[in-house]
Amino acid sequence: MSQAIAHRGTDEIGIFSTNSFAAVHSRLVTIGSSGGQQPMCDRAEKTILVYNGELYNYREIREILQRKGYAFESDSDTEVILNSYKEWGEGCVGRFNGIFSFCLFDKFKNVLYMARDHLGVKPLYYYRRHQSLFFASEISALLCNQQIPRELDYTAFAQYLSLNYVPGPLTLFKGIHQLEPGTYVSFSPEEMRKVQYWDILENEKKEYTQKKQYEERFECLLEDAVHKRTIGVPQQGVLLSGGIDSSAISYFLDQDSRPLSTFSLGFREKKFDDNRRYAQWFSRQLKTDHHEIVISSADVDIHTLQTLMKHNSDLIADPSIIPTYFISQFASQSVKILFVGTGADEILAGYDTYVADKLLCMLSRFLSPAGLQYVHKILDIRCLLGDNPWGMRFKLKRFLQGTQYPLGRAHFFWREVFSGFEREQLCCPAITERMGNYDPFSLYDFYYRKREDASILEKVLYADQKILLLSMLKRLDSMTSAFSLMSRVPFLDHRLVAFCAHLPLEMKLHRFTTKYIFKRIMAGKIPHKIIHRPKRGFTTPLSLWIRNDWGKTAEEVFFSSKLTGQVFQRKYIEILLRQHRLRQEDHSWKIFGLLCFYLWAERYNIKI
């Protein structure tokens, strides 16, 4: 197991073992360089802790504990967690501001206590077998235990085909679960108790009388979130995409006197290289120590994809995993800490899908469901899609297709990869039967309906924070940890997230301007052309790559594997490849999701 997680932290490896508890820890030193070795025990070895992450308010908590009589032997945040549990018990997590997953064994009570941070930045997986509980930061580490089977979970498989990832708490491995964000578990041989200690909706709503008050509070929270994350390492880096999120982080970090490095990635295909050019321009404005890397499909051969699966045991097939992998590898040569803008779009309605939700709401006021379907039929666009699946043609066609669904379901449809009908065409009858009548939308609908008195936009934002955001965080953690790199995500400071959850709707999506409050407070701080630049994200030339270099590779993988015929129907895969090659449809996400699943199943020897 120590080898399976060695890449997560190259500074130290620690092992602890007794008859009832054993743990292995791979340490990356970012906070508290002295005395933070893990697993960490108290003097009597009655409480043992293994921990992944960082506490940004550990000094404040430490001072409180010292006033209560606790003596500290290190300057690490690990010891603060250990003593916090001794003082406040299970409720200690409510005092933490940071990113963390940890497991603590209370030898006196014979209880294992596991917890995950508020938004789920740090992962935690577990498998329960009789009176034993196995846990790890990565599924690949759990699989080192021969008692854990490698069987496919068919409910999770339906979720994967629908979204190209599994939202949780399930994983593709039957019996292996993800601990949900903002949750802790108390486990003993007699029982397993799960408690949600934090949720966005449970926070008190604060109302201001003026728009300026909201803006001042938002800026204060964001600046403090960035500042709190500057502890630990003198040289800090930013993944600079040239968009407003990472540029704002760079701006606030630049106010500090410490040196700042920025990193960006581009593609040889010029149509997809805007991010690098904008990042390059803004880095010159701030005079950062800027680094950049340019990749093409030639850099992403079958061996690279197989390596990705090594660090992608909780499979996610978002194409942006590729640039995240390369930029993490590149940045790790210079820094230990990488700031990223993940989360801003989910808390501030930054995606075009939220604009689509608003448009559909407006149409629904004037047209009946039958009328919407008629609009869809007469305006359906059947044209060549080009090389950009997020271009205007694609978006318009996808929007029109979504008008045939009710509000909420349409939002899910816009993110769906394989629909229910397509999954039936893709999978062999025996596999379809094992998946049963499960509808992946049901989990999304569960969160959507929790905000029953809210607007459509507030409902889909909440559901996306529970589902979509988790997939992005898994991608970020797996790819950065592959190179012993710690990512810091200021926009997911739980205080800022809670504040944004209760913002008036027009402060997030004002008419058709996304992230409205954020753009207002950054005006005058970063250039106008960055603030109002169209949303791009980590878009890859995936569609183009599959039609060219990757096409033959995908065919070889698909048609040489026993999965074709055993799980998937060859005829349907041939149709996908042909239609994509002839530019009749853009199936890039479908093909990439299947390609990743084939390579993943082969690497982990999955029992179907």
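Residues numbered from 1 in each chain as written. Predicted model: local features only at pLDDT ≥ 70, side-chain atom pairs only at ≥ 80, totals over all residues. Heavy atoms only, no water.

1. Considerations on helix H8 (residues 302-310)
By the burial criterion, the buried members of H8 are Thr304, Leu305, Leu308 and Met309. Seen end-on, H8 carries its buried residues on one side only, within an arc spanning 150 degrees. Residues of H8 that are buried sit in contact with helix H9 (321-331), helix H19 (468-481), helix H24 (549-559) and helix H27 (588-603). A side-chain oxygen of the first residue of H8 lies 3.2 Å from the backbone nitrogen of His303; this N-cap is Asp301. (Buried < 20%, exposed > 50% of the residue type's maximum accessible area, 1.4 Å probe, protein only. Helix = DSSP H or I, 4+ residues; strand = E, 2+ residues; numbered from the N terminus. Arc of directions from axis to C-beta. Contact = heavy atoms within 4.5 Å. Polar contact = N/O pair within 3.5 Å; in protein donor to acceptor, adjacent residues only side chain to side chain.)

2. A word on the sheet that holds strand E15 (residues 337-339)
Overall, parallel pairing links the 5 strands, which are arranged E14-E13-E12-E15-E16 in an open sheet. The sheet is open, and its two edges are formed by strand E14 (289-295) and strand E16 (486-488), each paired on a single side. In this sheet, adjacent strand axes meet at a mean angle of 30 degrees when their direction is disregarded. This element, H9, spans strand E12 (236-239), strand E13 (260-267), E14 and E15 of the sheet and lies at about 140 degrees to E13. (Pairing = 2+ DSSP bridges. Axes fitted to C-alpha atoms, helices over the stretch in contact; angles between N-to-C directions.)

3. As for the pairing of strand E6 (residues 111-116)
Counting buried positions along E6 yields 6 of 6 residues, so the element is predominantly enclosed. With burial as the criterion, each face of E6 is covered, one bearing Val111, Tyr113 and Ala115 and the other bearing Leu112, Met114 and Arg116. One ladder, built from 6 bridges, connects strand E5 (residues 98-106) with E6; its direction is antiparallel. When the bridges of E6 are listed, Leu104 appears paired with Tyr113. Hairpin connection from E5 to E6: 4 residues lie between these consecutive antiparallel strands, with Asn110 at a positive phi of about 55 degrees. Across 4 bridges, E6 lies against strand E10 (residues 183-187) in antiparallel orientation. Each residue of the ladder has a partner; that of Ala115, found in E10, is Tyr184.

4. Side note on the confidence of the model for the protein chain
Atomic detail in the predicted coordinates should be set aside for any region of low pLDDT. Taken residue by residue, the protein chain gives an average pLDDT of 90. The fraction at 70 or more is 91%. Under a pLDDT of 50 for its full length, residues 381-387 has, in the predicted model, 19 contacts with residues more than four places off or in other chains. (pLDDT = per-residue confidence, 0-100.)

5. A short note on the packing of aromatic side chains
Under the defined criterion, the tally for this structure stands at 38 aromatic pairs. Between Phe96 and Phe100, the ring centres sit 5.7 Å apart and the planes meet at 90 degrees, which makes this aromatic pair edge-to-face. By the burial criterion, Phe96 is buried, and Phe100 matches it. An aromatic cluster of three or more residues is present, and its members are Tyr154, Phe157, Tyr160, Phe173, Phe558, Phe559, Phe568, Phe597, Tyr598, Trp600 and Tyr604. For the cation-ring pair, Lys529 lies above Trp281, with the distance from its terminal atom to the ring centre recorded as 3.8 Å. Across the ring face of Phe418, the terminal group of Lys590 is positioned such that the distance to the ring centre comes to 5.6 Å. (Phe/Tyr/Trp six-rings, centres within 6.5 Å; stacked < 30°, edge-to-face > 60°. Lys NZ or Arg CZ within 6 Å of the ring centre and 35° of its normal.)

6. Considering the environment of Leu65
Structurally, the position occupied by Leu65 is in helix H1 (residues 58-67). Placed 15 residues apart in sequence, Leu65 and Val80 show a C-alpha to C-alpha distance of 8.3 Å. Setting aside residues up to four positions removed in sequence, Leu65 forms contacts with Tyr70, Phe72, Val80, Asn83, Ser84, Glu87 and Trp88.

7. Regarding the nonpolar core
Core analysis: the biggest nonpolar cluster contains 181 residues, and Phe157, Phe568, Phe597 and Trp600 have the highest contact counts within it. Once residues within four sequence positions are removed from consideration, Phe157 is found in contact with Leu152, Leu172, Cys427, Ile431, Met435, Val567, Phe568 and Phe597. The next biggest cluster of nonpolar side chains, apart from the first, holds 15 residues, and it includes Ile48, Leu112, Tyr126 and Phe135. (Core = buried A, V, L, I, M, F, W, Y, C linked by side-chain atoms within 4.5 Å.)

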